[in-house]
Amino acid sequence: MNKKVIAIIAVIAVAVVAIIGIGINKTKDIGKTHNTISHEQAVKELSRLYNKVDIDTASPEKAPITSIASSVADELPDIDKSYPLTVKGKGDVDIEIFTSTEKGGSGTDGWLNDVAEDFNAKGYKVNGKKVSVSVRSIATGTAVEYINANVYKPDAYTPSNEFFGEMIASSGIKINKVSDKLVGNTAGILLSKKAQTAIKEKYGEVSFKTVVNATQDGIITMGYTNPFSSATGLNFLISTLNSYDSENILSDAAIEGFNAFQKNVPLVSFTTLQMRESAESGVLDGFIMEYQTYINDKSLSSYKFIPFGAYHNNPLYSIGVLSDDKEAALKQFAGFAGSQQAQKLAEKYGFNVDLGYKTDMKIPDGKTCIAAQKLWKDNKDSGQEIVSVFVVDTSGSMDGEPINTLKSSLINSINYISNDAYVGLITYDDVVTKQLEIDKFDLNHKAYFKGAVQSFSAGGGTAMYSGIVVGLQMLEDALADHPNAKPMLFVLTDGEPNEWMDLNDVKTTIDGLNVPIYTIGYGSGANMETLGEISSINEAASISATTDDVIYKIKNLFNAEL
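Here goes a summary of the coordinates provided. This structure is a prediction, so every number in the text was calculated from the model and none was measured.

Another aspect to go through is the overall build of the chain. The helix and strand inventory of the chain stands at 22 helices and 19 strands. For 562 residues, the compact-globule formula gives about 24 Å, and the C-alpha radius of gyration of the chain, at 27 Å, lands near that figure. With respect to the principal axes defined by its C-alpha atoms, the chain has extents near 95 × 75 × 55 Å. Buried residues in the chain amount to 53% of all 562 residues. For the chain, contacts bridging at least 24 residues in sequence account for 79% of all contacts bridging at least 6.

What follows is about the packing of aromatic side chains. This model, assessed by the stated rule, comprises 23 aromatic pairs. Arranged with centres 6.0 Å apart and planes meeting at 70°, the rings of Y124 and F336 form a pair that is edge-to-face. Separated by 212 residues along the polypeptide, Y124 in the loop between α5 (111–122) and β4 (125–126) and F336 in helix α14 (residues 324–337) bring together distant segments of the chain. Given the relative accessible area of 30%, Y124 is considered partly exposed. Three or more aromatic residues link up through ring pairs in this structure, and these residues are F208, Y224, F236, F258, F261 and F308.

For the rest of this paragraph, the subject is helix α17 (residues 401–413). Each α-helix winds once per 3.6 residues, and so residues spaced three or four apart point in a common direction. The end-to-end C-alpha distance of α17 is 18 Å, a good match for the 18 Å that 13 residues give at a rise of 1.5 Å each. In this fold, the buried residues of α17 make contact with α3 (72–75), β14 (386–393), α18 (443–454), β17 (486–493), β18 (517–522) and α22 (550–561).

As a further point, take the nonpolar core. Residues Y157, I189, F236 and F287 are the most contacted members of the largest nonpolar core, which totals 62 residues. The element that contributes the greatest number of residues to this core is helix α10 (residues 231–244), accounting for six residues. Sequence-distant contacts of F287, defined by excluding residues within four places in its chain, comprise G188, I189, L190, M222, G223, M275, R276, A279, L300 and Y303. In terms of nonpolar packing, the next biggest core, distinct from the first, is built from 37 residues, L46, M464, L513 and I537 among them.

Further remarks concern the pairing of β14. With eight of eight residues buried, β14 is to be regarded as a mostly interior element. Every second residue of β14 is oriented toward a common face, with I386, S388, F390 and V392 on one face and V387, V389, V391 and D393 on the other, all of them buried. Relative to β17, β14 runs parallel, the two being bridged by seven bridges. Paired with F390 across the two strands is F490, which belongs to β17. Handedness of the crossover joining β14 and strand β15 (residues 422–428) through α17 is recorded here as right-handed.

Attention shifts here to the pattern of salt bridges. One pass over the full model with this rule turns up eleven salt bridges. For the salt bridge of E45 with R48, the shortest nitrogen-to-oxygen distance reads 2.5 Å. Residue E45 and its partner R48 are located together in helix α2 (residues 39–50), separated by three residues, close to a single helical turn. Assessed through its relative accessible area of 22%, E45 is described here as partly exposed.

Moving on: the sheet that holds β15. Spatially, seven strands are ordered β1-β16-β15-β14-β17-β18-β19 in an open sheet, and the strand pairing comes out mixed. Two strands in the sheet have a free side with no partner beyond their single neighbour: β1 (55–57) and β19 (542–545). With direction set aside, neighbouring strand axes in the sheet form an average angle of 20°. With six bridges joining them, β15 and strand β16 (residues 432–440) adopt antiparallel strand pairing. Its bridge partner lying in β16, V423 is registered against D439. Running over the sheet, α18 touches β14, β15 and β16 and is turned about 165° from β16.

When you tally the buried positions in strand β11 (residues 286–290), you get five out of five residues, the bulk of the element. On β11, burial covers both faces: G286, I288 and E290 on one face and F287 and M289 on the other are all buried. In this sheet, β11 lies alongside strand β8 (residues 187–191) in antiparallel orientation, the contact comprising five bridges. Looking at the pairing, A187 lines up with E290 of β11.

What counts, and at which threshold
- Residues numbered from 1 in each chain as written.
- Predicted model: local features only at pLDDT ≥ 70, side-chain atom pairs only at ≥ 80, totals over all residues.
- Heavy atoms only, no water.
- Helix = DSSP H or I, 4+ residues; strand = E, 2+ residues; numbered from the N terminus.
- Rg over C-alpha atoms; globule rule 2.2 N^0.38 Å.
- Buried < 20%, exposed > 50% of the residue type's maximum accessible area, 1.4 Å probe, protein only.
- Contact = heavy atoms within 4.5 Å.
- Phe/Tyr/Trp six-rings, centres within 6.5 Å; stacked < 30°, edge-to-face > 60°.
- Expected span 1.5 Å × (residues − 1).
- Core = buried A, V, L, I, M, F, W, Y, C linked by side-chain atoms within 4.5 Å.
- Pairing = 2+ DSSP bridges.
- Right-handed = clockwise from strand over helix to strand, strands pointing away.
- Salt bridge = Lys/Arg side-chain N within 4 Å of Asp/Glu carboxyl O.
- Axes fitted to C-alpha atoms, helices over the stretch in contact; angles between N-to-C directions.

Here it is, written out as structure tokens:
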């Protein structure tokens, strides 16, 4: 009996100790922000990690920078590999249409695909020949680059709005509007409840203009997509300029107003997904999106939709000179897309919603649109210095085509990095090599940058986190001389990190330093989930690329951010 009592007491004692232990563990961080450290603590932790890294220093040599510029045609990837057809027609007369992605995807984003499939199934004919439609879903700005560079011309093109159609016309390519409106959509700002309240209290109403004013005055934070690639992003840029001077969006007053607005924009997103993630984390009070996407995503219901800018009527253009049969087939398809059946499907997918929104904003000509993009490129940082470091994978898996493509992409990127930016360069395999200290990207530094890139060779392991630590330390040192600069880290890799550090070792340090880390993974070996997690720490973009399109994607990233 005594033994049983003792055993029971022992069990109870163990349970009590376990409960106390769990309680202590659960309550020890009460009052603290879990996994968050101050900037000062992050700097100390960075120094500790940095002192553990094996570091070499290269002796940079200059390379002549004549003939570094490549044409847009050379940068664009193979269209069939990067943007395959979403609908493939098999008619005697087949019309290929470039479409914006909200019409050429799947589910509620696949309206044009579904209409094209229905059209093809009907067996329509022109002059006794069966006609069909092929559809290629491609980002609006990318589509224009293929067309304007004469790399690939579809028979027809349907962007979200008219801006990019005007840009094609300005290039001298024959373009004709077949339909003013295939399907209706509206661009808008999604605004949090907190931001709505703040704007209403300050300005009396919530409108596009008061959102712009609230951003300029630092009351809210806004994010928008890259106006070089996104129709909604370009609409937002032109609408913002228009809000300062509706008569001339390129006037001194418009530029001055845009610069004041842009000073308080923390994020120009590479993707809509990145913007949404930033809003969910509380970094953004507002961001832009089309109504059709907004209404189909129930998780966005807490945001108020504020319409702005030009209508997104998804016009349909013919490109170049088409044969009489193709002209007739395209008009036949435009009529089919405008039929009651097709338009009912559009309504089901979230298009054609009457929001009671009226706009008197004029569509600028193509040259003005291009000038607005250039204005954005030159002024998006509003005079703030940029300090950046490239952290480049030269491990054994990079041998051959990957390292050669990487060299080409980095040398090509010289064209898209501002002369006023400060740039450093490191590589990593088993060890980390400082290839180039941070300096202003003037002609002299460009020559050293090109020389360093040309010297790259592949071999060894993948010490990516060591490279990130060294890059962060270089940025931290540079910020001592440029305290108001915007720091950025760009990590390029094709593999899985396999050296002594992992993400858990550096995550809180990255967070505390508040440095955005843009990651570019290419090839099947890149762990995009991990790279995405690294980039999400401080609201940066993560890009998946292949050896076919890495040059183009890196160019777009640097064009937007540097």
